[in-house]
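# Coordinate inspection notes
Listed here are the chains, written in short residue letters.
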Amino acid sequence: MDITSFLFFAFVGVSLLIYCLVPHKFQWLVLLADSLIFYFLTVEPYTFIYIIISVFTVWAAALYFRKVDDIKKKRIVLALTVILNVGILVALKYTNMFIGTFNYWTGKSIAEVNWIAPLAISYYTLSLVSYLVDCYGEAFEPEKDPLKLLLFTIYFPQMVSGPICRYSQTGTQLFEEHRFDHDRVLSGIRRVLWGLLKKVVVADRIAMIVNVMFDYTYIFSGLWVIVSACLFMIQLFFDFSGCMDIVTGISKCFGIILPENFNVPFLSKSVQEFWSRWHITLGAWLKDYVMFPISRTNSFKSTSKKLKNKWGKWGQKIPYYAAMFVVWTLMGIWHGSSWKYMIGQGWFFWIVIVSGQVFEPVFKKLKSRLHINEKSLIWNAFQVIRTFLLVSIGNIAFRAESLAQTFIMYKRAFVWNNGITKQLRAIREGIPDFGGIEALIVVCALGIIQIVCDFRQYAGKNNQELITKRPIVIRWAIYYLSAFIVFYFSLSTTSEFLYFQF
Amino acid sequence: MERNEILAKFNEIARDVFDNDEVELTEESTAADVEEWDSLSHLSLVSDIEDEFGIRFTLAEISGSKNVGEFLDALIRHIEKK
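Residues numbered from 1 in each chain as written. Chains lettered and ligands numbered in written order. Predicted model: local features only at pLDDT ≥ 70, side-chain atom pairs only at ≥ 80, totals over all residues. Heavy atoms only, no water.

### Comments concerning the interface of chain B and chain A
How big an interface is tends to be reported as the loss of accessible area on association of its parts. Taken together, the contacts link 20 residues of chain B with 19 residues of chain A. Taken over both partners, the interface formed by chain B and chain A buries close to 1700 Å², and the fraction arising from carbon and sulfur atoms is 50%. Looking at the side of chain B facing chain A, the largest losses of area belong to Leu-40, Leu-43 and Leu-59 of chain B, adding up to 36% of the total buried there. Where chain B touches chain A, the interface holds five salt bridges. Close ionic contact of Lys-305 of chain A with Asp-51 of chain B constitutes a salt bridge, the shortest N to O distance being 3.3 Å. Counting across the chain B and chain A interface gives five residue pairs in polar contact (both at pLDDT 80 or more). In terms of residue count, the dominant contributor to the side of chain B that touches chain A is helix H2 (residues 39–53) of chain B (10 residues). Classifying every residue of the side of chain B that touches chain A gives seven nonpolar, five polar and eight charged. (Contact = heavy atoms within 4.5 Å. Buried area = accessible area lost by both parts, 1.4 Å probe. Salt bridge = Lys/Arg side-chain N within 4 Å of Asp/Glu carboxyl O. Polar contact = N/O pair within 3.5 Å; in protein donor to acceptor, adjacent residues only side chain to side chain. Helix = DSSP H or I, 4+ residues; strand = E, 2+ residues; numbered from the N terminus. Nonpolar A, V, L, I, M, F, W, Y, C, P; charged D, E, K, R; others polar.)

### What about the pattern of salt bridges?
In total, this model carries 24 salt bridges over all chains according to the counting rule given. Note that Arg-66 of chain A is salt-bridged to Glu-141 of chain A, the shortest N-O span being 2.2 Å. Linking Arg-66 of chain A in helix H3 (residues 48–67) with Glu-141 of chain A in the loop between helix H5 (121–136) and helix H6 (146–154), this pair joins segments that are 75 residues apart in sequence. Owing to a relative accessible area of 34%, Arg-66 of chain A belongs among the partly exposed residues under this scheme. The salt bridge partner of Glu-24 of chain B is Arg-15 of chain B, with a shortest N-O separation of 3.0 Å. With a relative accessible area of 56%, Glu-24 of chain B lands in the exposed category. Connected through salt bridges with shared partners, the residues Arg-296, Lys-301 and Lys-305 of chain A together with Glu-50 and Asp-51 of chain B form a single ionic network. (Buried < 20%, exposed > 50% of the residue type's maximum accessible area, 1.4 Å probe, protein only.)

### Some words on the environment of Ser-47 of chain B
Looking at where Ser-47 of chain B falls in the secondary structure, it is placed in helix H2. With relative accessibility at 9%, the residue Ser-47 of chain B sits in the buried group. Other than its neighbours up to four places away in sequence, Ser-47 of chain B contacts Lys-301 and Tyr-320 of chain A.

### Some details on H2 of chain B
Compared with an ideal rise of 1.5 Å per residue, which puts 15 residues at 21 Å, H2 of chain B spans 21 Å between its outermost C-alpha atoms and is within 8% of the ideal. Of all 15 residues that make up H2 of chain B, 12 are buried, and the element is covered over most of its length. Structurally, H2 of chain B contributes buried residues whose contacts are with helix H11 (280–295), helix H12 (298–334) and helix H13 (339–358) of chain A together with helix H1 (3–18), helix H3 (59–64) and helix H4 (68–81) of chain B. Taking the backbone nitrogen of Leu-40 of chain B as reference, a side-chain oxygen 3.2 Å away marks Asp-38 of chain B as the first, capping residue of H2 of chain B. A positive phi of about 65 degrees marks Gly-54 of chain B, the residue just after H2 of chain B. (Expected span 1.5 Å × (residues − 1).)

### A short note on the confidence of the model for chain B
Close inspection of predicted coordinates is inappropriate in any region flagged by low pLDDT. In this model, chain B carries an average pLDDT of 86, and 100% of its residues clear a pLDDT of 70 or more. Here H3 of chain B stands out as the element of chain B with the lowest mean pLDDT, 78, in contrast to H1 of chain B, whose mean of 89 is the highest. (pLDDT = per-residue confidence, 0-100.)

### A short note on a nonpolar patch on the surface
All names here are of chain A. Where nonpolar side chains cluster on the molecular surface, the patch consists of Trp-314, Val-358, Phe-359, Val-362, Phe-363, Leu-366 and Leu-370 and spans about 670 Å² of accessible area. It is helix H14 (residues 360–369) that contributes the most residues to the nonpolar patch, three residues altogether. Along the polypeptide, Trp-314 turns up in helix H12. The partly exposed category is assigned to Trp-314, whose relative accessible area is 40%. (Patch = residues over 30% accessible without salt bridge, like charges linked within 9 Å, V, L, I, M, F, W, Y side chains within 5 Å. Areas by Shrake-Rupley, 256 points an atom, 1.4 Å probe, with all protein chains shown as cover.)

### Focus on the packing of aromatic side chains
All names here are of chain A. Following the criterion strictly, the structure yields 55 aromatic pairs over all chains and no others. A ring pair is formed by Tyr-488 and Phe-489, whose centres lie 4.9 Å apart and whose planes are at 80 degrees; its orientation type is edge-to-face. Assessed through its relative accessible area of 52%, Tyr-488 is described here as exposed. One aromatic cluster is present, built from ring pairs that chain together Phe-237, Phe-238, Phe-240, Phe-262, Phe-266, Phe-274, Trp-275, Trp-278, Trp-328, Phe-348, Phe-349 and Phe-388. Across from the ring centre of Trp-311, 5.2 Å away, lies the NZ or CZ of Lys-310, which sits over that ring. In this structure, Lys-317 is placed above the aromatic ring of Trp-314, and the distance from its NZ or CZ to the ring centre is 5.0 Å. (Phe/Tyr/Trp six-rings, centres within 6.5 Å; stacked < 30°, edge-to-face > 60°. Lys NZ or Arg CZ within 6 Å of the ring centre and 35° of its normal.)

### Considering H3 of chain A
Here H3 of chain A spans 29 Å end to end across 20 residues, near enough to the 28 Å set by a 1.5 Å rise per residue. Within the sequence span of H3 of chain A, burial applies to Phe-48, Ile-51, Ser-54, Val-55, Val-58, Trp-59, Ala-61, Ala-62, Leu-63 and Phe-65 of chain A.

Structural data, given as structure tokens:
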């Protein structure tokens, strides 16, 4: 079921009505039924068996931790359950990548498999692993009812593109009483509308331009490669954050607050900061459940100490950089079963972040020689633009068809091209149904609103107040205008959300 | 060991980890107050504090503490448990 379709919103409307009418003890069952309906209407029903295996094993292991005191036994059960669940994810999503790589290096031609993964497997597996590890660490009481853990796993708004939820954040909310609250529902609908504007009006239109630029790389060389990379980054933001706005808004209508996945990423001053503001729940998960556990093992600590004694502070950092390499490899591979993700989404950013830290003393000296005032607006703007360019260049791999095309794009960036007429004509001819000048005006206006909202949010201001503090007539005029723009300017060929594939 | 003594020791370790002698953390300090306090140095800080006091933080304490004060609460809890 497409979450920008009329069917989906009708489904949400009816669900919300039933949810608000039934007694409290049945409310979570309504959400469970909704989630099951959503699942079975969206993907192959038989894939649900994988979810049942995952939920059941995690549920049983978590209860086992509570009953047994033997730490060794607990560790074994934890390891086996994690291996089983991550194993299912790896087998279903990465087998073809392994086969392809094997065939490439050996010259053999083993046939690819045709296994269908359950919906949102890359998201819910991480949620379940976090639940398991938290139960192992006795962060909270394990859930006794397997159906409740099933709801936490397949709660339908998060089954599109996340966010990756923690049981401590959403688990309890799912089972609390939520009566109809006019302000809360309206606030949720506002967020949904804004998300729809971002996705179906802006992202899908930028996608048209980006598609032309990536499909005809021989025309768009030189600086055009950078332009196309930047445009794709903007498209990705409007697409993914638009999707998050829709699902977060829908969830809010039900009274369940999902964790935020974005916090003004484009105003980041470093790549490291960017990744703490972009896809926040994935970065936080990798930090908490991969980086932390690795850095706290005895072998890591002893290696770190040895290297510190040998080479001082720099030596101490080497094991951390190695652990970061594992994290960024996982970050890359999480995005897809292709080497292009491993390199563009993983190792590229690892190299940028680590080299930034290694050469920091050099940069500091350089800044002092050049008398750069780090608090000046120009320096801050430079940092923001530099970060945006770096993440855009890394994300070329995300959009490119393959690793080979990624490298072709990088190579073509160094082919001199000062043309503009041919390129603009190619864009114009490549996208006949953009929607005319009025569509361009609407896209630009929404872009400006996004920039204003970003600066306000960065300054700690509440963007909802931009609407809620207006007189009722203006408020409703904005709602109707937004709904009209969504209907009028949405494209007939709306594309799938870019993060839906995971 | 008194709370202010623990905070003083905490500051000593923090200065060493951040490589900055001017760092003076209070109960209200957060990572945003210290330029050198990023996710990597946070792990070093946690590791050095654990070694110094012979304790082990839980994941929730490492990533859930909102400021130095909350971190100290967790640290004191572990010291008292020993």
